[in-house]
Amino acid sequence: MGRVYGASWLDAPDQPNLVDVDGAIAFVVGLADVGTLHGENASDYVETLIPLRTTSDAAAAFGSYSEGFDLPAQLDAIFDQDEGNGVGTVYAVNVFDPSRHASPSDVTNLDIKGAIDALGQKTGLQLAYDIYNKIGAFPKFLDCGAHAAKTGIRAELDVLCNKLGAITFINAPFGVSGNDVIEARGSDGDFDLQIASRNVVIAWPGVRILNEETGEERIDVYSSRLLGIALASLVSYGPARGISNFQIKGIEGSEVPVDYIPGDATGITHALRAAGVVTMRTSYGQGPVTEGTESSAWPSDTDVRAQYHVMLTSNLLRDRYLKYMDQYKDLPASKALIAQIEHGINSDLATLSTGDYPWVYGGSFMFDRESTSSEMARIGDFDFVLDYSPITLMKTMTIQERFNYSYMDAALGLST
């Protein structure tokens, strides 16, 4: 296998090692019955960042799914998608507090959204900001399952993603058709999916989950599975592999059938992709497979960063190099120091453009002497330029058929 995310940086000759920014970090908010599970120690699992790396970690912290307590189901969905190399680290927050919530119905949208008090103490989604202080990196993925559909939550997720350089996955409602989803991207839909953000991926349809204890099926969100696939893909293949064309593990199937005919540009899967929705298809002998590469910014935003994998690559490179450059802040400016910074990042870019799973086709990093004026330099403002080409995906492949009778002539020994 080629270079995978989390590997050591290439040592630049005579330079300090560059430090990895681990992008396989997710932040998940939901509800868990920690009172029943942990008793008098329940407060240790309320409004607290709990790092998880395995299914057993999740079960020990938050138990199993029960009606209304969705956090264990979200975590199961994520860890189910492991490709064999893990899914990185999931920081989970339970906002159900048995000391003040009698049941899940008592949890409000404000509990999910969270707040920051005068002393800087955070709750709910706002706890995402605290992850940097713990590990030196922000989460690259945010998820709050079905709660994202609640008033104010979707908008708050987008705000957080903008600030943290993250991506989130939201769900269309249960019980709607693909055409309903497409119409909801416009102003005349029966529900609202009018969001155009490179940080937000829309997921449809819901998925069917088997309750192993009762043998009955229930409908669950698609978004947590996409998050798990995003993490597993990043760990195993790097950011350019994306989230499309992966088997969706741990489900019985889609909530509603999604018709798919290979090569048919008029089908519902093609229409959903064109509307900026990630859907799924069912392939013979494989089961449900993810289908789609666009964020909700598409099609109103045709910039290449409207594609999920390009936005993820951009986020990771920015974090990677800003963190590397931190060690040079407030040092005396000189040509030698600038050259050292350029050399270190250019060496890494060379590594990221090689191997079985490159991040970019190539790139360069340089001090911008044109935009950095003398006046700027005097007060310590220095501009640099990261120039690169992101990986492109073969989203549509067309076969042009033509007859060449020279093959017949040769086979039959005919004169031309």
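Read on for a plain summary of the structure. (Residues numbered from 1 in each chain as written. Predicted model: local features only at pLDDT ≥ 70, side-chain atom pairs only at ≥ 80, totals over all residues. Heavy atoms only, no water.)

**Description of the overall build of the protein chain**
A tally of helices and strands in the protein chain yields 13 helices and 13 strands. For the protein chain, whose C-alpha radius of gyration is 24 Å, the value lies close to the compact-globule estimate of 22 Å for 416 residues. Expressed along its principal axes, the backbone C-alpha trace of the protein chain runs to roughly 80 × 75 × 40 Å. (Helix = DSSP H or I, 4+ residues; strand = E, 2+ residues; numbered from the N terminus. Rg over C-alpha atoms; globule rule 2.2 N^0.38 Å.)

**Some thoughts on the environment of G263**
Relative to the helices and strands, G263 is located in the loop between β9 (253-254) and α9 (268-274). In the structure, G263 is positioned 136 residues away from I399 in sequence and 9.0 Å away in space, judged by C-alpha atoms.

**So, the sheet that holds strand β10 (residues 277-283)**
Consider a sheet: its strands pair through backbone hydrogen bonds, and that pairing is either parallel or antiparallel. Pairing within the open sheet is mixed, and its eight strands lie in the order β2-β3-β1-β4-β5-β6-β10-β11. Edge positions in the open sheet fall to β2 (50-52) and β11 (287-291), since each of these has one partner strand only. The average undirected angle you get between the axes of adjacent strands in this sheet is 30°. The strands that helix α2 (residues 55-62) touches are β2 and β3 (89-94); relative to β2, the one it contacts most, it runs at about 150°. Strands in contact with helix α8 (residues 223-237) are β1 (25-30), β3, β4 (141-143), β5 (167-171), β6 (200-203), β10 and β11; relative to β4, the strand with the most contacts, it is inclined by about 160°. (Pairing = 2+ DSSP bridges. Axes fitted to C-alpha atoms, helices over the stretch in contact; angles between N-to-C directions. Contact = heavy atoms within 4.5 Å.)

**Brief notes about the side chain of E255**
Looking at the element boundaries, E255 is found in the loop between β9 and α9. Buried E255, no salt bridge; nearest opposite-charge side chain is R208, N-O distance 8.8 Å. A polar contact of 2.6 Å, which involves the side chain of E255, links it to the backbone nitrogen of G175. Setting aside anything within four residues of it in sequence, one finds E255 in contact with F174, G175, P205, G206, V207, R208 and I219. (Buried < 20%, exposed > 50% of the residue type's maximum accessible area, 1.4 Å probe, protein only. Lys, Arg positive; Asp, Glu negative; His and termini not counted. Salt bridge = Lys/Arg side-chain N within 4 Å of Asp/Glu carboxyl O. Polar contact = N/O pair within 3.5 Å; in protein donor to acceptor, adjacent residues only side chain to side chain.)

**With respect to the packing of aromatic side chains**
How two aromatic rings sit relative to each other is set out by the distance from centre to centre and by the angle between their planes. Enumeration over the complete set of coordinates arrives at 12 aromatic pairs. Seen from their ring centres, Y45 and F62 are 6.4 Å apart, and the 85° between their planes marks the pair as edge-to-face. Here F62 lies in helix α2 and Y45 lies in the loop between α1 (34-38) and β2, a separation of 17 residues in the sequence. Taking the relative accessible area as the measure of exposure, F62 reaches 2% and is therefore buried. Measuring from ring centre to ring centre gives 6.4 Å for Y321 and F365, while their planes differ by 50°; the resulting arrangement is tilted. One end of the pair, Y321, is in helix α10 (residues 308-325); the other, F365, is in strand β12 (residues 360-367), with 44 residues separating them in the sequence. By relative accessible area, which is 3% here, Y321 ends up buried. Members of the aromatic cluster, connected to one another through ring pairs, are Y321, F365, F367, F382 and F384. (Phe/Tyr/Trp six-rings, centres within 6.5 Å; stacked < 30°, edge-to-face > 60°.)

**As for the packing of α2 against helix α3 (residues 71-79)**
Two elements in contact, α2 and α3, have axes separated by 10 Å at closest approach and are oriented at 175°. Our classification of the angle between α2 and α3 gives roughly antiparallel. Residues T55, A58 and F62 of α2 pack against L71, P72, L75, D76 and F79 of α3. Per-class residue counts for the contact of α2 with α3 are six nonpolar, one polar and one charged. (Parallel < 35°, antiparallel > 145°, perpendicular 65-115°, else oblique. Nonpolar A, V, L, I, M, F, W, Y, C, P; charged D, E, K, R; others polar.)

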